[in-house]
Amino acid sequence: MRQPGERRGVPRSPIRCYLTRRRYAGAVTEVSCIFCQIVRGDAPSSQVYEDDDVLAFMDIRPFSTGHTLIIPKRHASGLGDLEPELGGKVFQVAQRIALGLRRSSLPVDGVNLMLADGRAAMQTVFHVHIHAVPRRHGDKLSIAKRVLMRRPTDLDEAAALVREGLDKLATEGR
Ligand code: 5GP
Ligand code: ZN
């Protein structure tokens, strides 16, 4: 039987596979989009925040412990098809997550909020998302290492700590 990537028994060249991946990557739909699957509950995630419009959950391959992704629940592949009002709500939640990370018992001296829009900007999941990445003073080397060799950690445990930070904010009336 023919394998994916083979035609008449001949393996596809690497360049052909690359072009095929690019073509399919451009055609992500709400059905195939991994973040839409997470929103629907069809794929697992360690969630830290949810409201009617926005969801926040742990990145599966974190740059640092507590690395959180904040997404609009409604699919938008990039900034070009994201309603500005919804974008504002996503940013507001990202800001709150950043404050919650600082208030949590995780070691956090600072937070990077980052958004990649488009393949050239190194976007890999085509459903708009903001990364909230906890940082320590002098962590450049360990972050660089994690960027190169990212592996899953205990995401549920990290999520619990981030939720705890968010709860503390709420208790303080912030
Ligand atoms: P981008 O490269 O598009 O800025 O970021 C996409 C992020 O999504 C990456 O950091 C990657 O680890 C994360 N990611 C990819 N697939 C999944 C998944 O199935 N679950 C979760 N929680 N994160 C994912
Ligand atoms: Zn999506």
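Reading the values: rules and limits
Per-chain numbering applies: the sequence of each chain, read as written, is numbered from 1 onward. Chains carry letters and ligands carry numbers; both start at the beginning, A for chains and 1 for ligands, and go up in the order they are written. Whole-chain, interface and lining totals are the exception, using all residues; otherwise, since this is a predicted model, local features are given only for residues with pLDDT of at least 70 and side-chain atom pairs are given and counted only at 80 or more. Just so you know, side-chain values use all the structure's heavy atoms and leave hydrogens and water out. By the criteria applied, helices consist of DSSP H or I runs no shorter than four residues and strands consist of E runs no shorter than two, each listed in order from the N terminus. Burial classes: relative accessible area under 20% of the type maximum marks a residue as buried, over 50% as exposed, and values in between as partly exposed (1.4 Å probe, protein chains only). Computed with the Shrake-Rupley method and a 1.4 Å probe, the accessible areas treat only the protein chains shown as cover for residues. Pairing of aromatic rings covers Phe, Tyr and the six-membered ring of Trp, with a centre-to-centre limit of 6.5 Å; geometry is then stacked below 30 degrees between planes, edge-to-face above 60, and tilted otherwise. Shown as donors are all N, O and S atoms within 2.8 Å of a metal ion, widened to 3.2 Å for Na, K and Ca; because water is not in the atom set, sites may appear incomplete. All geometry calls rest on donor angles, where a four-donor set with angles between 85 and 135 degrees is tetrahedral, four- and six-donor sets with opposite donors more than 155 degrees apart and all others between 65 and 115 are square planar and octahedral, and all else is irregular. Salt-bridge detection follows one rule: a side-chain nitrogen of Lys or Arg within 4 Å of a carboxyl oxygen of Asp or Glu.

Q: Tell me about the overall build of the chain, residues and numbers included.
A: Each helix and strand counted, the chain has five helices and seven strands in total. The order of α-helices and β-strands along the chain, N terminus first, is β-β-α-α-β-β-β-α-β-β-α-α. Across the 174 residues in the chain, those meeting the buried criterion constitute 36%. With the model as given, the accessible surface of the chain reaches about 10,700 Å², and the carbon-plus-sulfur share is 54%.

Q: Mind laying out the packing of aromatic side chains, listing which residues take part and the relevant values?
A: Under the defined criterion, the tally for this structure stands at one aromatic pair. Ring centres of Phe-35 and Phe-57 lie 5.3 Å apart, and the angle between their planes is 80 degrees; on these two criteria the pair is classed as edge-to-face. Note that Phe-35 is positioned in helix α2 (residues 34-40) and Phe-57 in strand β4 (residues 54-58), a separation of 22 residues in sequence.

Q: Please set out the coordination of the zinc ion (ligand 2) residue by residue, giving values where relevant.
A: Around the zinc ion (ligand 2), the protein contributes the donor atoms Cys-33 (SG), Cys-36 (SG), His-75 (ND1) and His-127 (ND1), which lie 2.0 to 2.3 Å from the metal centre. The site at the zinc ion (ligand 2) holds four donor atoms, and with the angles between them running 104 to 117 degrees, its shape is tetrahedral. Ordering the donors of the zinc ion (ligand 2) by residue number gives the pattern C-x2-C-x38-H-x51-H. Highlighted residues: Cys-33 in the loop between α1 (14-25) and α2 and His-127 in the loop between β6 (110-114) and β7 (130-135), separated in sequence by 94 residues.

Q: Can you tell me about the pattern of salt bridges, naming the residues and giving the values?
A: A full pass over the atoms with the stated rule returns eight salt bridges. Among the salt bridges present, the one from Arg-40 reaches Asp-42, with a minimum N-O distance of 3.0 Å. When its relative accessible area of 43% is taken as the criterion, Arg-40 is described as partly exposed. Where Glu-83 meets Arg-74, a salt bridge forms, and the shortest distance between an N and an O atom there is 3.1 Å. Given a relative accessible area of 45%, Glu-83 falls into the partly exposed group. Given a relative accessible area of 44%, Arg-74 falls into the partly exposed group. What you see here is one network of salt bridges that share partners, running through Arg-103, Glu-172 and Arg-174.

Note that every value here comes from positions in space, so none of it alone points to a role or purpose.
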